[in-house]
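# Geometric and topological summary
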Amino acid sequence: MSETGSNSMWGGRFATGPDAIMEAINASIGFDRRLFRQDIEGSRAHALMLARQGIISDTDAGAIREGLLTVLSEIEAGNFPFSAALEDIHMNVEARLREIVGEAAGRLHTARSRNDQVATDFRLWVRDQIDAALGGIAALQRALLAQAEAGAGWVMPGFTHLQTAQPVTWGHHMLAYVEMLGRDAGRLSDARARMNECPLGAAALAGTSFPIDREMTAAALGFDRPCANSLDAVSDRDFALEFLAAASVCAMHLSRLAEELVIWSSAQFRFVALSDRFSTGSSIMPQKKNPDAAELIRAKIGRIVGANVALLMVMKGLPLAYSKDMKEDKEQVFDAADTLMLALAAMEGMVRDMQARPDAMEAAASAGFSTATDLADWLVREAGLPFREAHHVTGALVARAEALGCDLPDLSMDEMRAVHPAITEAVYGVLGVHNSVASRTSLGGTAPGRVREQIALWRERLGA
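Remember, it's a predicted structure, so these values are computed and weren't measured experimentally. (Residues numbered from 1 in each chain as written. Predicted model: local features only at pLDDT ≥ 70, side-chain atom pairs only at ≥ 80, totals over all residues. Heavy atoms only, no water.)

## Observations regarding the nonpolar core
The line we're drawing: The set of buried Ala, Val, Leu, Ile, Met, Phe, Trp, Tyr and Cys residues whose side-chain atoms join them within 4.5 Å is what this entry labels a nonpolar core. Note on exposure labels: buried denotes an accessible area under 20% of the residue type's maximum, exposed denotes more than 50%, and partly exposed covers the range between, all computed with a 1.4 Å probe on protein chains only. Only runs of H or I of at least four residues qualify as helices and only runs of E of at least two qualify as strands under DSSP, and these elements are numbered from the N terminus. The contact definition used throughout considers only heavy atoms, calling two residues in contact when any of these lie within 4.5 Å.
One finds Val126, Leu144, Trp170, Leu254, Trp264, Val333 and Met347 to be the most contacted residues of the largest nonpolar core, which totals 100 residues. In terms of residue count, the dominant contributor to this core is helix α11 (residues 238-264) (16 residues). In this structure, valine 333 is in contact with Phe122, Trp125, Val126, Ala240, Phe243, Leu244 and Leu311, ignoring residues within four places of it in sequence. One finds Leu397, Val398, Ile423 and Val427 within the second-largest nonpolar core, a separate group that totals 19 residues.

## As for the packing of aromatic side chains
Convention followed: Planes of paired rings set the category: under 30 degrees apart is stacked, over 60 is edge-to-face and the rest tilted, where pairs are Phe, Tyr or Trp rings (Trp by its six-membered ring) whose centres lie within 6.5 Å.
Considering all chains together, one arrives at 7 aromatic pairs under this definition. Measuring from centroid to centroid gives 4.7 Å for phenylalanine 80 and phenylalanine 82, while their planes differ by 55°, and the two rings are tilted. The class for phenylalanine 82 is partly exposed, based on a relative accessible area of 24%. Where phenylalanine 122 meets phenylalanine 239, the ring centres are 5.5 Å apart and the plane angle is 80°; that geometry is what we call edge-to-face. One end of the pair, phenylalanine 122, is in helix α7 (residues 114-150); the other, phenylalanine 239, is in helix α11, and 117 residues separate them in sequence.

## Remarks on the pairing of strand β2 (residues 163-169)
Worth spelling out the cut-off: Paired strands, in this sense, are two strands between which DSSP finds at least two bridges.
Examined bridge by bridge, strand β1 (residues 155-160) and β2 share 6 bridges and lie antiparallel to one another. In the strand pairing of β2, threonine 160 is matched with glutamine 163. Hairpin connection from β1 to β2: 2 residues lie between these consecutive antiparallel strands, with histidine 161 at a positive phi of about 60°.

## Observations concerning the state of the cysteines
Under the convention used in this document: Here, a disulfide means two cysteine sulfur atoms that sit within 2.5 Å of each other.
For the coordinates displayed, the defined rule picks out 0 disulfides. For cysteine 227, which is in no disulfide, the shortest distance to another cysteine sulfur is to cysteine 198 and amounts to 6.7 Å.

## Focus on the packing of helix α15 (residues 372-381) against helix α16 (residues 387-404)
What counts is decided by this rule: All axes are obtained by fitting lines to C-alpha atoms, using only the stretch in contact for helices, and the reported angles, taken between N-to-C directions, cover 0 to 180 degrees. Here roughly perpendicular refers to angles of 65 to 115 degrees, roughly parallel to angles under 35, roughly antiparallel to angles over 145, and oblique to all remaining angles. Note: crossing handedness is left-handed where the near helix turns anticlockwise from the far helix by less than a right angle, and right-handed where it turns clockwise. Think of it as three bins: nonpolar holds Ala, Val, Leu, Ile, Met, Phe, Trp, Tyr, Cys and Pro, charged holds Asp, Glu, Lys and Arg, and polar takes everything else, Gly as well.
Close contact between α15 and α16 brings their axes to 8 Å; oriented N to C, the two are set at 135°. The angle between α15 and α16 falls in the class oblique. Both α15 and α16 take part in a crossing whose hand is right-handed. On the side of α15, the interface is formed by Ala372, Leu375, Ala376, Asp377, Leu379 and Val380, while α16 contributes Phe387, Ala390, Val393, Thr394, Leu397 and Val398. Class assignment of the residues belonging to the contact of α15 with α16 gives a composition of 10 nonpolar, 1 polar and 1 charged.

## What about the side chain of glutamate 94?
We apply this condition: We treat Lys and Arg as the positive residues and Asp and Glu as the negative residues; His and chain ends play no part in the count. In the sections that follow, a salt bridge refers to a side-chain nitrogen of Lys or Arg positioned within 4 Å of a carboxyl oxygen of Asp or Glu.
The topology assignment puts glutamate 94 in helix α6 (residues 89-101). Of the side chains bearing the opposite charge, arginine 98 lies closest to the buried glutamate 94, which forms no salt bridge; the N-O distance is 4.8 Å. Filtering out sequence-adjacent residues up to four positions away, glutamate 94 remains in contact with Ala105 and His109.

## Digging into a nonpolar patch on the surface
What counts, and what does not: Each patch is assembled from residues with relative accessible area greater than 30% and no salt bridge, linking like charges that lie within 9 Å and nonpolar side chains (Val, Leu, Ile, Met, Phe, Trp, Tyr) that lie within 5 Å. Note that accessible areas follow from Shrake-Rupley with a 1.4 Å probe, and for residues the cover is restricted to the protein chains shown.
A grouping of Val305, Val309, Leu312 and Met313 is seen on the molecular surface, where their side chains present a nonpolar patch of about 320 Å² in accessible area. Tracing the chain through its elements places valine 305 in helix α12 (residues 292-315). Residue valine 305 is classed as partly exposed on the basis of its relative accessible area of 34%.

This is the structure in structure tokens:
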């Protein structure tokens, strides 16, 4: 069978046969061009170190460093001629550098390999993304704190199983997400600290015979130290996996909040009104206002978690040190980082713009026997009943109120005493939803005073 016939399935896309197929599968410049700043930053630091160590001349190093700035400006201006034939960002930059400075460009790759070069570039890029994500998380936390401060005393239903459980405050609910995001920031910060070691100088896998100064390049690039083992330095992608893992948990938290905004903005709840900026109408039903941004955030977690799983699958069977499989380490990380930043920005906008509806929330909190636990606690505290008996008595009172079509505070004293004679008029003091939340003064509780304490602590932490 002819070569053309054997490859007819590729059609015109690969008209030149296997060479075109190999170029397409091997080239990464279509996506790794995003590493251009980090690649140039690493190369400039490497050139300076080579000159300081007497490995190349100061003249060549100066020409290389200036030439790299020219390449940087060309890429930033959109005038750089990226070539798939040159495979990746490293070869594209080096080829253009040779055109600019001539033979000196060939000395740049002394004492390094594309293996340690890409590992360094990628670490720098992920580190930058972590810094950006930390900023996005802090901005969302500030938006949540503003909501919490406005509604520190607004009462709403607290739910378990999406069933009314106990009254809580709006501020308390907002602070729950501030806490979650605080843990997300902690995970990202931990990952950043652990990854802040420099692979540059590990070369292909075994180090180099040139008298390089790895401490110098590590410091120049803002790393805490060089990676201690050259094999590990070029084959490790834990830093990207840790970023994806932390991003996945953060995205899950955003998805939970998005789900609540979808529920709360529905006609059945009406707890919040979302801004028109983050909602759309229906093409056929004019009364509808759809929480599209929240729904999209809820869906986008799949892309981030999927990226985490995909990179784990790339790395799980690789022997040390570098294998070409590792070209597949970037696209998922790039997409996950973009998706996380977009979701954080969209959620911050929704939270800042949304209008809570305290009346609707309080009405819902006042229904559904949400103060039943307060009644049981009162029976233990004031009437001396064991909690299990108090729980049974409260259940009987809930059943009585349900039969009469009213809530617990609406039961008469005769109705209550018919269930248990120890109940007194004082019980009504704990049955209102405002009394309920005000009584929850334990550390971490929903009482407005406690909420305001936590808001103040978070504002101090965030400098807000």
